[in-house]
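Structure assessment
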Amino acid sequence: QIKFTIHISTKNTNRLMKNIYFTILLIPIFILLLSFKVFVYDENFYKEQFRENKVYTKYNESYVNNISSNLVNYFRSKENLGNYYTEREKIHLEDVKILINKALKIFYILFIVLLIIFSYLLQKKDYKTLSKILKYGGILNLIIYFIIFIVSLINFEKFFIKFHELFFVNDYWMLSPNDILVNVFTQEFFNTILRKIITTSLILSLVFIVAGIFIEKAYKHRTL
């Protein structure tokens, strides 16, 4: 009877640990997609980058802003693409739109899943597990983004190419230097947005870690 009880207890513990590890792994993905969501439709950020990258000196400001607004609305399925692009660019932007929609769907699914998990843990008053998930999820994200940041600093162009090779099944992302897409949304634009996403992700990671430590200390205080 004692052996059977120990076996069941060990089995339940192993299942619980697997669930904890799985949830911790979800945190970096959630943080990445949340950071991505902050900037993907931010037209003010786009305009700021156009100004910094001197795009407005190459093209009329109103013209560039119309391209930007049309593209954001296209990604949101509110407009069709304007006649600014070549056929190759249009095919690539269609692929980008599909990728953005998939990313946002995953974000909302993860949001619901994490909300259910956290609500369950709070209902069960399992603050110890909740603090572990928040703390170690945040730490894992810091490690991942530190690696990404170092790699992007060493050779951003190679990082940029590998990203496209990973997420796109064709080579339509390889555009001509004369294409409007390349000249408006420059490499500097993507370099900056990557840094912004990483910075936002790091801040969110620290928020998760601090929340985990706070809950852990509060839990220990209550159990003393």
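So, a few notes on the structure that sits alongside this text. Keep in mind it's a predicted model, so treat the numbers as computed, not measured.

All of the buried residues in helix 2 (residues 43-52) are F45, Y46, Q49 and F50. In an axial view of helix 2, the angular spread of the buried residues amounts to 140°, which keeps them on one side of the axis. Every exposed residue of helix 2 that faces more than 90 degrees away from the buried side is listed here: N44 and R51. Just downstream of helix 2, K54 is the residue with a positive phi angle, here 60°.

Time to look at the packing of helix 2 against helix 4 (residues 61-75). One can describe the packing of helix 2 onto helix 4 by two numbers: an axis separation of 10 Å at closest approach and a directional angle of 145°. Like other packed secondary-structure pairs, helix 2 and helix 4 cross with a definite hand, here right-handed. Residues E43, Y46, K47, F50 and R51 of helix 2 lie in contact with helix 4, whose contacting residues are E61, V64, N65, S68, S69 and V72. Looking at the contact of helix 2 with helix 4, its residues break down into 4 nonpolar, 3 polar and 4 charged.

On to a nonpolar patch on the surface, then. A contiguous nonpolar surface patch, about 950 Å² in accessible area, is contributed by Y136, I139, I143, F146, I147, F149, I150, V151, L153 and I154. Tracing the sequence through the fold places I143 in helix 6 (residues 127-154).

Moving on: the nonpolar core. With 29 residues, the main nonpolar core has F50, L71, F75, Y85, L93, V184 and F185 as its most contacted residues. Of all the elements in the fold, those that place two or more residues in this core are helix 1 (2-40), helix 2, helix 3 (55-58), helix 4, helix 5 (87-123), helix 8 (180-184) and helix 9 (187-223). Tallying contributions element by element places helix 4 first for this core, with 6 residues.

Attention now goes to the pattern of salt bridges. This model, assessed by the stated rule, comprises 4 salt bridges. The shortest N-O distance in the salt bridge between R88 and D171 comes to 3.4 Å. Remark: D171 occurs in the loop between helix 7 (156-167) and helix 8 and R88 occurs in helix 5; sequence separation between them is 83 residues. A relative accessible area of 42% places D171 in the partly exposed class. In this structure, E165 and K162 form a salt bridge, with 3.7 Å as the shortest nitrogen-oxygen distance. Pair noted here: E165 and K162 are both in helix 7, with a separation of 3 residues, about one helical turn.

What counts, and at which threshold
Residues numbered from 1 in each chain as written. Predicted model: local features only at pLDDT ≥ 70, side-chain atom pairs only at ≥ 80, totals over all residues. Heavy atoms only, no water. Buried < 20%, exposed > 50% of the residue type's maximum accessible area, 1.4 Å probe, protein only. Helix = DSSP H or I, 4+ residues; strand = E, 2+ residues; numbered from the N terminus. Arc of directions from axis to C-beta. Axes fitted to C-alpha atoms, helices over the stretch in contact; angles between N-to-C directions. Left-handed = near helix turned anticlockwise from the far one by under 90°. Contact = heavy atoms within 4.5 Å. Nonpolar A, V, L, I, M, F, W, Y, C, P; charged D, E, K, R; others polar. Patch = residues over 30% accessible without salt bridge, like charges linked within 9 Å, V, L, I, M, F, W, Y side chains within 5 Å. Areas by Shrake-Rupley, 256 points an atom, 1.4 Å probe, with all protein chains shown as cover. Salt bridge = Lys/Arg side-chain N within 4 Å of Asp/Glu carboxyl O. Core = buried A, V, L, I, M, F, W, Y, C linked by side-chain atoms within 4.5 Å.

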